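# Architecture at a glance
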Amino acid sequence: MLTERRIRDAKSAPKPVTLWDSQVTGLGCRVFPSGRKAFVLSYRVAGRKRLATLGRPSEMSLQTAREMAAEEVVRIRAGEADPLERRRQMREAPTVADALARFFDEVAPARIEAGRMTRRTVDEYRRQARRYVEPVLGSLQVARVTRGDIERVAATLAKTRVLRNRVLAFLSRVFTLAELWEWRPQQTNPVRGVERAREEARDRVLATSELYALSAALKALEKVNPFPVAAIRVAAMTGLRISEILLMKWENIDFETGRVVLPATKTGRRIAPLAAPVLELLERLPRINGNPWVFAAGRGAATTYRTARAVFAEAATAAGLPDVRLHDLRRSLATRLAGAGVNAYVLRDVLGHKTLTMANRYVQVASDALTNATEKAAALTAAAMAGEQPAKT
């Protein structure tokens, strides 16, 4: 029978020696030639004899070893994976890096194909994974990630509230998928419960005089960057998202009816009216042979969001508006329309916002009210950008 004293006094030999316990069948203390000692459990699985190490006498008491050994025997007899098999599974368990790879290799392409995710979104997820997630969590096993681990990632983004929340949302999606893949137990998403940072709503709206200054700055850049500048002007006059504008193809525009088909927006496929000033701007744009994109960039390519944003930033700085962002054009148009008396329902359709009643709508047919509102929006913005009565508002 094993005792604490017998274990302590056991001497090493040229070959490993095992001292067996008579209280718990299969439990022993193995003494190695080096003098190292370890509690072991001898058992059989499918007729094969196996020997698993439970721990060292310096790390646990004999009583603890007996309790652990007894528990393992019960689990083995119940048909559960034996200690050595569980350790093998743990060594081969997928890591967070594996989960990210599966997301980008399988999930993201499928969602892009289904129109449920854009390439720009995937690129942003890749950037977040590379810069913020993998350095902290990449080597950790998915099943062993805790809320504390997630909070360590969040702590690195404490000064960037919006980005912090975006990274947490991305991680939550990945760990929800990990549960579906059975890589961790159900309802154990470690992101759940991690407090999100409070985001301050952005309310920057350009005054008429600021639109005039921005237009002058854009005109100075037009010769070198005709397509990005044109895309920015269309964004200002329509309220469309810049991503929707940059994806326009000539085949999607009907100049006779003044409509454009937007195949992929946040609310699905929709048809938007284009006001006369917008159509005139588009008709003046050169068409590049073999390039289907309205806002072209070389052979067969479209102007990228990064390029449009860079040109806008340059123009905004030149106009003395360093705090203005590209998306502020959309907010400014909405504010102008509201001030001109356009009701909330029509305004919602002008901007293509998603609501409960509009979910899963694939084709949006513009009504007379929507067309009139679009004409009014373009006229108001075009007049301001043309310098007519530039006054502060």
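Scroll up to find the structure this text is about.
As a starting point, this report considers the structure included with it. (Residues numbered from 1 in each chain as written. Predicted model: local features only at pLDDT ≥ 70, side-chain atom pairs only at ≥ 80, totals over all residues. Heavy atoms only, no water.)

### A look at the sheet that holds strand E7 (residues 270-273)
Read across the open sheet, the 3 strands follow the order E5-E6-E7; overall the sheet is antiparallel. Strand pairing shows two members of the sheet lacking a second neighbour, strand E5 (253-254) and E7, which therefore form its edges. In this sheet, E7 lies alongside strand E6 (residues 259-262) in antiparallel orientation, the contact comprising 4 bridges. Paired with Val261 across the strands is Ile271, a residue of E7. (Pairing = 2+ DSSP bridges. Helix = DSSP H or I, 4+ residues; strand = E, 2+ residues; numbered from the N terminus.)

### Description of the packing of helix H8 (residues 208-221) against helix H12 (residues 305-318)
Between H8 and H12, whose axes approach to 8 Å, the crossing angle comes to 125 degrees. Between H8 and H12, the interaxial angle falls into the category oblique. Every pair of crossing elements has a handedness; the one defined by H8 and H12 is right-handed. Along its contact with H8, which presents Leu214, Ala217, Leu218 and Leu221, the element H12 presents Val311, Phe312, Glu314, Ala315, Ala316 and Ala318. Broken down by class, the residue content of the contact of H8 with H12 amounts to 9 nonpolar, no polar and 1 charged. (Axes fitted to C-alpha atoms, helices over the stretch in contact; angles between N-to-C directions. Parallel < 35°, antiparallel > 145°, perpendicular 65-115°, else oblique. Left-handed = near helix turned anticlockwise from the far one by under 90°. Contact = heavy atoms within 4.5 Å. Nonpolar A, V, L, I, M, F, W, Y, C, P; charged D, E, K, R; others polar.)

### As for the environment of Ile112
Within the secondary structure, Ile112 is located in helix H4 (residues 96-113). Of the residues examined, Ile112 reaches a relative accessible area of 22% and is grouped as partly exposed. Taking C-alpha positions, Ile112 is 8.7 Å from Val122, a pair spaced 10 residues apart along the chain. (Buried < 20%, exposed > 50% of the residue type's maximum accessible area, 1.4 Å probe, protein only.)

### Some thoughts on the pattern of salt bridges
The full count for this structure, using the stated rule, is 9 salt bridges. The closest approach of N and O atoms between Arg50 and Asp82, which form a salt bridge, is 3.3 Å. Of this pair, Arg50 sits in strand E4 (residues 48-55) while Asp82 is found in the loop between helix H2 (62-77) and helix H3 (83-91), placing the two residues 32 residues apart along the sequence. Take Asp82: its relative accessible area is 5%, and that puts it in the buried class. Notably, a salt bridge pairs Glu80 with Arg75, separated by 2.8 Å at the nearest N-O pair. Classification of Arg75 as partly exposed rests on a relative accessible area of 26%. (Salt bridge = Lys/Arg side-chain N within 4 Å of Asp/Glu carboxyl O.)

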